[in-house]
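# Descriptive structure summary
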Amino acid sequence: MHREGSMSIGPIASSSTHEVSLRAPDMPSDSPDSSGQPPPDLIAARRILLRARLGGATSLLETEGKALLDALGIATPPRVILTDPAAASELPERPFDADRVVLKALAPGVLHKTEAGAVRVLPASRDAVMEEIAAMARRLDGISVEGYLLEKYVPHEATIGREFLLGMRWTPDFGPVVTLGAGGIHAEFLAHALRDEGSLAVFSPALTWEGSVEATIARLAPARLAVEGQRGGAAALDPAHLADVVRRFLALAAVFCPKVVAEFEVNPLVVSEGRLVALDAVAVLPAPGEAVSTPAAARPLDKIERLLRPGTIALVGVSETSVNPGRIILRNLLRSGFDPALVRVVKPGVESVDGVGCVASLSALGAIDAPGWRDGRADLVVLAVSASASAGLIEEIVRDRRAESVILIPGGLDENPESAALVARMHATLERSRAEEWRGPVVNGGNCLGIRSVPGRYNTLFIPEHKLPAPERPADPIAFLAGSGAFAVSKSSKLTRVNPLYTITVGNQMDLTVADYLEFLQHDPLVEIFAVYLEGFRPRDGVRFLKTAAEIARSGKPVILYRGGRTEAGHAAASSHTAAIAGDAAVARALARDAGVVEAETLEEFEDLVRLFVELRGCTVGGLGLGAVSNAGYETVAIADNLGPFHLPRFADETNAALRELTDRAGLKGIVTVRNPLDLTPILADPGYEEAVRAVLADPAVSVGVVGCVPLSGALQTLPRGEAHQEDVEREGGIVARLVRLMRESPKAWVAVVDAGPLYDPMARALEEGGVPTFRAADRALRVFGRYCEARIGLDGWRLVSESNRTAPHARAARRV
């Protein structure tokens, strides 16, 4: 069977008198876009894809794939199809007027022809082609071959920066994505060997704005080898041409993925004579009837206001005789300052629990006649009951309109197959309510630990107060969103200097998702920092999350993310290089970075980044010029060895003079060499130490600082008061008090390092309690502080073109179709 492709030769062609064209099909005609090239012909592309799918194909032949590329306006080699081995005899003696040709078997079951021996480079002669077709037929014995493709050989260098892999596929979190990386037969090896932020570029039609394609390509190491001149030579490729090819692929992805085409891969896409030419194309079509998950119906996000700042609360599942989760929630809620008169416990036969009045049922909320209660409806209902009881209670809430919002505590929902019927009931109930005028309630959970809202004056985390004491300090402008309740409380117990405005554990996101909360809270004027822990998105929710994160970053506010479940298990068996290289974790990481998300690599880094963004939010980060001070030579060496993005500027003459005068006065002339990083030795005492740090931070070339203080020096007050010595770490004139005062007075961001054992934990703790971000090793301090400073600089300079100004060619082409 022959499907659409280039010109054919063989029994189905007319005869030997038929004039054979060996030219590539003409480019589609249409008005050119801003690149000067005709825009993608998506109507022709649709015709090619639908014809193949209606014919029952599960993949495109290479000829069809290249016809698809022709429709997109991406260059392909001149070619001819030989429908059977005998057709080669009709070729000219010297096909294509070339020295070499490429012969490929058209075998739908063979996706990677090189490995199967289904592709060969030959001398450009009819006899060589006929001989190789016979040999290829023997190698592919038992494999269905529909014909052979003969192409003009495209000269190119088979090296990094001259061969690319351009792929497109569907992802459940982000929908269609396009990826660009090193290509050729070693594409997977190179992607894994070069596994860092510069080895793979990822694009999403939904997350592409003017200039973003170019910016992403500029970070791709293989692309830089092509578009930047090497060793004084000219660039091999115009970066605008590479960006244009990516946009044409994005046009296809935006319109046809995944309903018409599931995957499409060009490998290699080679640089030849200053342009990109696609040498191979593989496309996988969706299976007939294959379902694509779609986002849930829109939720009434304005009701999150009632969830986070409720006027009235009802609790179901509170025990009056034991301390169960519901009872803990009630006590935490009251301890947070919520008015008991605006709380009701749903419990028949009981008058009150912990001083809070009870009602017999949710329906009885309608009979409450008290100030603050209105419409027979609670702003928030907390269900601390079994999973099996939840569905009926949700149905009751919706039927009688008893709540604007719900916190669904129980586990066992969406976590096992047995719960599917319960979850389906709840989803159906919520869907029906959303079609009504009141739009139903919003639901947080299930399998969640609850919510703590400082503005809402409540805490439904069912952790006893003695296990997780509430912070005794003003709330910080941070919203902490976590898919895991255990993660939220464990980090809260460690980040004692951080008191979030909101701690929201979303559980399995049965209704409200992390993207919903991000979208709602971005407009909260009290929130300046977002800290997020996620193990996965609901279908397509990743796109909404990153769209909102990009808008937040544009406003200069950070979104700090730690993503669980980042391994790529299962991709080894992927059918395409694109899926193997650009697994879901790699896609999520790349798209998050391009959206301006600050992604933590480790749990410790997440904690450190949250600390730094909270504690240093009033400080400036004017660049990456680092001023470093220590009293230990090894630590100054460690600082210089672990600079990361930082550089060590030379001190100004005024700074050098002040430091020399200081060290001479302290008797250190000839001992201390004034330079950056500055080693003060263990001899300098508390006042001189402070003076030196102030001088370094005041230097005009220093943008940020790191202050190491190895505390074993006898010259500094670093130990708690004791009988064996005269030190007191809390002394007003000691180093801790001086550094705390300096942190309050210095406009520049800086961190401290206390590299010593547990004996000096009180010193580190005193610095932290005084607002000085303190690390216990210089390398960790520089690694995390570097991430923080880069993120701050990026956020301060973030500029995002508004949606109305997005004029990329792929967007215009999609609108035409």
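As a reminder, the structure under discussion sits directly above these lines.
As a starting point, this report considers the structure included with it. As the structure is a prediction and not an experimental result, all values here were calculated from the model. (Residues numbered from 1 in each chain as written. Predicted model: local features only at pLDDT ≥ 70, side-chain atom pairs only at ≥ 80, totals over all residues. Heavy atoms only, no water.)

### Structural notes on the overall build of the protein chain
Secondary structure summary: the protein chain contains 25 helices and 31 strands in total. Residues classed as buried in the protein chain amount to 57% of the 817 residues present. Surface exposure of the protein chain reaches about 33300 Å², of which carbon and sulfur atoms provide 52%. (Helix = DSSP H or I, 4+ residues; strand = E, 2+ residues; numbered from the N terminus. Buried < 20%, exposed > 50% of the residue type's maximum accessible area, 1.4 Å probe, protein only. Areas by Shrake-Rupley, 256 points an atom, 1.4 Å probe, with all protein chains shown as cover.)

### A short note on the packing of aromatic side chains
Applying the stated criterion across every chain, the model contains 11 aromatic pairs. When the ring of Phe 487 is compared with that of Tyr 533, the centres are 4.0 Å apart and the planes differ by 15°; the resulting orientation is stacked. Of this pair, Phe 487 sits in helix α13 (residues 485-494) while Tyr 533 sits in strand β24 (residues 529-534), and the two are 46 residues apart along the sequence. Classification of Phe 487 by relative accessible area gives buried; the value is 7%. For Tyr 533, a relative accessible area of 9% puts it in the buried group. An aromatic cluster is present here, built from Phe 480, Phe 487, Tyr 533, Tyr 562 and Phe 606 joined pairwise through their rings. When the ring centre of Phe 775 is taken as origin, the NZ or CZ atom of Arg 611, which lies over that ring, is 4.9 Å away. (Phe/Tyr/Trp six-rings, centres within 6.5 Å; stacked < 30°, edge-to-face > 60°. Lys NZ or Arg CZ within 6 Å of the ring centre and 35° of its normal.)

### A few points about the pattern of salt bridges
By the definition in use, this model includes 55 salt bridges. In this structure, Glu 690 and Arg 694 form a salt bridge, with 2.9 Å as the shortest nitrogen-oxygen distance. Of this pair, Glu 690 and Arg 694 both sit in helix α21 (residues 686-698), four residues apart, roughly one helical turn. Using a relative accessible area of 7% as the deciding quantity, one classes Glu 690 as buried. Taking relative accessible area as the criterion, Arg 694 reaches 28% and is therefore assigned partly exposed. (Salt bridge = Lys/Arg side-chain N within 4 Å of Asp/Glu carboxyl O.)

### Things to note about the sheet that holds strand β14 (residues 343-346)
Reading across from one edge, β15-β16-β14-β13-β17-β18-β19 is the order of the seven strands in this open sheet, with mixed pairing throughout. Looking at which strands have only one partner, the edges of the open sheet turn out to be β15 (352-353) and β19 (442-445). Taken together, the four bridges between strand β18 (residues 403-408) and β19 define a ladder with parallel strand orientation. Bridge assignment links Ser 405 to a residue of β19, and that residue is Val 442. (Pairing = 2+ DSSP bridges.)

### Structural notes on helix α20 (residues 653-665)
The end-to-end C-alpha distance of α20 is 18 Å, a good match for the 18 Å that 13 residues give at a rise of 1.5 Å each. What α20 keeps buried is the set Thr 655, Asn 656, Leu 659, Leu 662 and Thr 663. One side of α20 carries all its buried residues, which in axial view fall inside an arc of 130°. In α20, the exposed positions that point more than 90 degrees away from the buried face belong to Asp 653 and Glu 654. Buried-residue contacts for α20 involve β28 (678-679) and α21. Just downstream of α20 lies Gly 667, where phi reads positive at about 80°. (Expected span 1.5 Å × (residues − 1). Arc of directions from axis to C-beta. Contact = heavy atoms within 4.5 Å.)

### Let's talk about the sheet that holds strand β23 (residues 500-505)
Whenever strands of a sheet pair, they do so through backbone hydrogen bonds, lying parallel or antiparallel. An order of β21-β20-β23-β22-β24-β25-β26 is seen for the seven strands of this open sheet, with the pairing classed as mixed. In the strand order of this sheet, the two ends are held by β21 (458-459) and β26 (598-599), each with one partner. Relative to β26, strand β25 (residues 559-563) is paired through two bridges, and the arrangement is parallel. In the strand pairing of β26, Leu 561 is matched with Glu 599.

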